[in-house]
Every structure is written in structure tokens, then in C-alpha cells.
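Chains, contacts and geometry: an overview
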Amino acid sequence: MAAQATLHCLTGCAIGEVLGMVIGTALGWHAGPTVILAVALAFVFGYALTMRPLLRAGLGLRTALKVALAADTVSIAVMEVLDNAVMLAVPGAMEAGPASGVFWASLAFALAVAFVLTTPINKWLISRGKGHAVVHQYHH
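In what follows, the accompanying structure is described. Think of each chain on its own: its residues are numbered from 1, step by step along the sequence as written. Restriction of local features to residues with pLDDT of at least 70 applies here, the model being predicted, together with a cutoff of 80 or more for giving and counting side-chain atom pairs; totals for whole chains, interfaces and linings are based on all residues. Excluding hydrogens and water, the side-chain figures rest on all heavy atoms present in the structure.

In an α-helix there are 3.6 residues to a turn, and that puts residues three or four apart on one side. Helix length check: helix α5 (residues 101-127), at 27 residues, gives a terminal C-alpha distance of 39 Å against a target of 39 Å (1.5 Å per residue), a fit within 8%. Think of it this way: the bend at a residue is just the angle between two axes, each fitted to seven residues, one set ending at that residue and the other starting at it. Comment: elements are numbered from the N terminus, with helices defined as DSSP H or I runs of at least four residues and strands as E runs of at least two. The largest bend along α5 reaches roughly 30 degrees and is located at T118, with the proline P120 sitting one to four residues downstream. We call two residues in contact whenever any of their non-hydrogen atoms come within 4.5 Å of each other. Turning to α5, the residues buried within the fold contact α1 (2-26), α3 (61-89) and α4 (93-96). With a side-chain oxygen lying 3.0 Å from the backbone nitrogen of V102, the N-terminal cap of α5 falls on S100. Each helix should span, by expectation, one fewer than its residue count multiplied by 1.5 Å. Polar contact is the term for a pair of N or O atoms within 3.5 Å; when the atoms are in protein, one must be able to donate a hydrogen and the other to accept it, and sequence-neighboring residues count only if both atoms are side-chain atoms.

A few words now on the packing of aromatic side chains. Each aromatic pair joins two rings of Phe, Tyr and Trp (for Trp, the six-membered one) with centres within 6.5 Å, and gets the label stacked for planes under 30 degrees apart, edge-to-face for over 60, and tilted for any other angle. For the coordinates displayed, the defined rule picks out two aromatic pairs. Between F43 and Y47, the aromatic rings sit 5.7 Å apart at their centres with planes inclined by 55 degrees, giving tilted as the arrangement. In this pair, F43 and Y47 both sit in helix α2 (residues 31-56), four residues apart, roughly one turn of the helix. Think of it in three bands: with a 1.4 Å probe and only protein chains considered, a residue is buried below 20% of the maximum accessible area for its type, exposed above 50%, and partly exposed in between. Taking the relative accessible area as the measure of exposure, Y47 reaches 13% and is therefore buried.

On to the side chain of D83. Along the polypeptide, D83 turns up in helix α3. The buried charged residue D83 lacks any salt bridge partner; its closest oppositely charged side chain belongs to R52, at an N-O distance of 21 Å. Residues in contact with D83, not counting those within four places in the same chain, are E17, A110, L111 and A114. Counted as positive: Lys and Arg. Counted as negative: Asp and Glu. His and the chain ends are not counted at all. When a carboxyl oxygen of Asp or Glu lies within 4 Å of a side-chain nitrogen of Lys or Arg, that pair is called a salt bridge.

Let's shift gears to the packing of α1 against α5. Any two packed helices are characterised by the angle at which their axes cross and by the distance between the axes. Note on method: axes are straight lines fitted to C-alpha atoms, helices fitted across the in-contact stretch only, with angles between N-to-C directions ranging 0 to 180 degrees. Put simply, α1 and α5 touch, their axes get as near as 9 Å, and they point 145 degrees apart. In this structure, α1 meets α5 at a crossing whose hand is right-handed. Seen from α1, the contacting residues are A2, A3, A5, T6, L7, L10, A14, E17, V18, M21, V22 and T25; seen from α5, they are F103, W104, L107, L111, F115, T118, T119, N122, K123 and I126. In this classification, Asp, Glu, Lys and Arg are treated as charged, Ala, Val, Leu, Ile, Met, Phe, Trp, Tyr, Cys and Pro as nonpolar, and every other residue, Gly included, as polar. Of the residues contributing to the contact of α1 with α5, the split by class is 15 nonpolar, five polar and two charged. Two helices cross in a left-handed way if the nearer one is turned anticlockwise from the farther one by less than a right angle. They cross in a right-handed way if the turn is clockwise.

Turning our eyes to something else, we now look at the environment of I121. By the element assignment, I121 lies in helix α5. I121 gets classed as partly exposed once you look at its relative accessible area, which sits at 28%. Look past the residues within four positions of I121 in its chain and what remains in contact with it is V74 and V78.

This part is about the packing of α2 against α3. Direction vectors running N to C along α2 and α3 enclose 145 degrees, while the axes themselves pass 8 Å from each other. Here the hand of the crossing between α2 and α3 comes out right-handed. Residues belonging to the contact of α2 with α3 are distributed by class as follows: 19 nonpolar, four polar and two charged.

Right, here's the structure in full:
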């Protein structure tokens, strides 16, 4: 269940992260603004993917947002710290741009590292009835 929750979180994070990295590097932004954009979009897409089925299950917007915040904030935050740290640590990854194999290989590696290291955190959260465990009561 922890791996599934992490994969769900990674999907939203990856959409936002990739979009933010592509936009920032394509515009020639420095690493700081690019990372800020990528993190912001990762949270937006991560929460949106969690909220979608909650809204379909009949929850109101405010309640769905509260559930998404409770379910995903720690996971997204950890994932974002990890994948951006890897991107910043790989020489030339941030400067390579979206037309470069170095950029895409580094980003794929960063997301893989984030998945592997975030899964045990999600397992711990779920075992305590927190994190993604709060969403399961709304799944049909």
C-alpha cells in the first residue's frame, strides 16, 4: 500500500516537477526560480490528483482539499526535497535544458531516488493512520 501511495504521489509530483523544470530551463532561468516553480507545480498537481476522486465521491471542495492536504503534504514535501536535491547535485543537469539527454536522465534518476526514499516514509505514515491512509475511506 505504501508503494502504491508513493507512486500516486510521484505521478502528481512528476507532472508538476517535469513541467516546472522544462519551463524554467527552457526560459533560461537560474536554478532557484526553476526549482520554486517545479515545487509549486508538484504540489498543485499532487493535490489535484488526490482531490479528483474525492470530489467524484461526493465530497465538497473544502473537505476534499483538507483530505488532500492531510494525505499528501508530507509525501510531496519529502519527494520534492529529494528530487530537487538530486537535480541540483548532478553536474550540469539544471543547465542542460529540455533538449538534452543529461537533463532527462537526471530528472528520471531524481524521481526514482525520490520514490525509493519516500516509500518507507509513506509506509510509516499509513501504519499510523496518517498520510494516504486518510484517503482510503473515500475510495469505492
